[in-house]
Amino acid sequence: MSILSKKDQEALISEALDPTKVTLTCGTHTYAYGGKTPPNFKCKRCLFTMFMGLIANTPPDKRKEQMEMLEFTINELIEAKKSGKMQDFFKHPEVYVGGKQIGVPKVN
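Residue positions are given per chain, counted from 1 along the sequence in the order it is written. Per-residue local features are limited, in this predicted model, to residues with pLDDT of at least 70; the limit for side-chain atom pairs, both in listing and counting, is 80 or more; totals at the level of whole chains, interfaces and linings are taken over all residues. Note: side-chain values were computed over all heavy atoms of the structure, leaving out hydrogens and water.

### Here's the deal with the overall build of the protein chain
No. 1: Starting at the N terminus, helices and strands are each numbered in turn, a helix being any DSSP run of H or I of at least four residues and a strand any DSSP run of E of at least two. When its secondary structure is counted, the protein chain shows three helices and four strands.
No. 2: When the helices and strands of the protein chain are read in sequence order from the N terminus, they spell out α-β-β-α-α-β-β.
No. 3: Only carbon and sulfur atoms are counted for the fraction: they give 61% of the accessible area of the protein chain, which is about 9400 Å². The accessible surface values rely on the Shrake-Rupley method and a 1.4 Å probe; as for residues, cover is taken only from the protein chains in view.

### Comments concerning the layout of surface pockets
No. 1: The computed volume of the second largest pocket comes to approximately 200 Å³.
No. 2: In this structure, the second largest pocket is lined by Leu12, Glu15, Ala16, Asp18, Lys21, Val22, Thr23, Leu24 and Tyr33.
No. 3: Three categories are distinguished: nonpolar for Ala, Val, Leu, Ile, Met, Phe, Trp, Tyr, Cys and Pro, charged for Asp, Glu, Lys and Arg, and polar for the others, with Gly belonging to the last. Here the lining of the second largest pocket is composed, by residue class, of five nonpolar, one polar and three charged. Cavities and pockets were defined on a 1 Å grid built over protein atoms only: a cavity is a set of grid points that admits a 1.4 Å probe from which the probe cannot escape, a pocket is an open set flanked by protein on both sides within 12 Å along at least five of seven lines, and lining residues are those with an atom within 4 Å of any such point. Grid points are joined across faces, edges and corners, and a volume is the space filled by probe spheres set on the points.

### Looking at a nonpolar patch on the surface
No. 1: Without a salt bridge and with relative accessible area above 30%, a residue can belong to a patch; like charges are then joined within 9 Å and nonpolar side chains (Val, Leu, Ile, Met, Phe, Trp, Tyr) within 5 Å. When a carboxyl oxygen of Asp or Glu is within 4 Å of a side-chain nitrogen of Lys or Arg, the pair counts as a salt bridge. There is a patch of nonpolar side chains on the surface, built from Ile3, Leu4 and Leu12 and spanning about 340 Å² of accessible area.
No. 2: As for its placement among the helices and strands, Leu12 is situated in helix 1 (residues 6-16).

### A look at a negative patch on the surface
No. 1: Together, Asp61, Glu65, Glu68 and Glu71 make up a region of like negative charge exposed at the surface.
No. 2: Tracing the chain through its elements places Glu65 in helix 3 (residues 63-83). The charge count treats Lys and Arg as positive and Asp and Glu as negative. His and the chain ends do not count. To locate a charge, take NZ of a lysine, CZ of an arginine, CG of an aspartate or CD of a glutamate.

### What about the state of the cysteines?
No. 1: When two cysteine sulfur atoms are found within 2.5 Å, that pair is recorded as a disulfide. One pass over the structure, following the stated rule, counts zero disulfides.
No. 2: Cys43 forms no disulfide, and the closest cysteine sulfur to it belongs to Cys26, at a distance of 3.8 Å.

### Quick look at the side chain of Thr58
No. 1: Checked against the element boundaries, Thr58 lands in the loop between helix 2 (44-56) and helix 3.
No. 2: Whenever two N or O atoms come within 3.5 Å, that pair is a polar contact, provided that in protein one can donate a hydrogen and the other can accept it, and provided that, for residues adjacent in sequence, both atoms are side-chain atoms. Only 2.6 Å separates the side chain of Thr58 from the backbone oxygen of Leu54, close enough to count as a polar contact.
No. 3: Setting aside residues no more than four positions away along its own chain, Thr58 makes contact with Arg63 and Gln66. Two residues qualify as a contact provided that any one of their heavy atoms is within 4.5 Å of a heavy atom in the partner residue.

### Comments concerning the packing of helix 2 against helix 3
No. 1: The convention used is that axes are lines fitted to C-alpha atoms, helices contributing only their stretch in contact, and that angles between N-to-C directions extend from 0 to 180 degrees. With their axes 10 Å apart at the nearest point, helix 2 and helix 3 run at an angle of 150° to one another. Residue-level contacts link Phe51, Leu54, Ile55 and Ala56 of helix 2 to Arg63, Gln66, Met67 and Leu70 of helix 3.

No statement about biological role is implied by the geometric values presented.
Here's what the structure looks like:
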């Protein structure tokens, strides 16, 4: 016995096969925009899927503002990295307690 009724199954199938809709996914990590699986932030495909989904779901009159915000944020991150104000983006932070390093930083 299925969780979904026959009518619900048919609706899902017709939606999935609708040629006017696009499903954004990362095939490597099975991340789909809007799904329950979180993206892998080290994966370019996951990040592309996430940002394209964000822009696609932004109302057309707000897209320019959204793109400007993303561009500003990325430029701020780049500048912070260049000036040394930010640790490596994907590395585990170095944690010190009483002058002694605790934990082992991940190596990418």
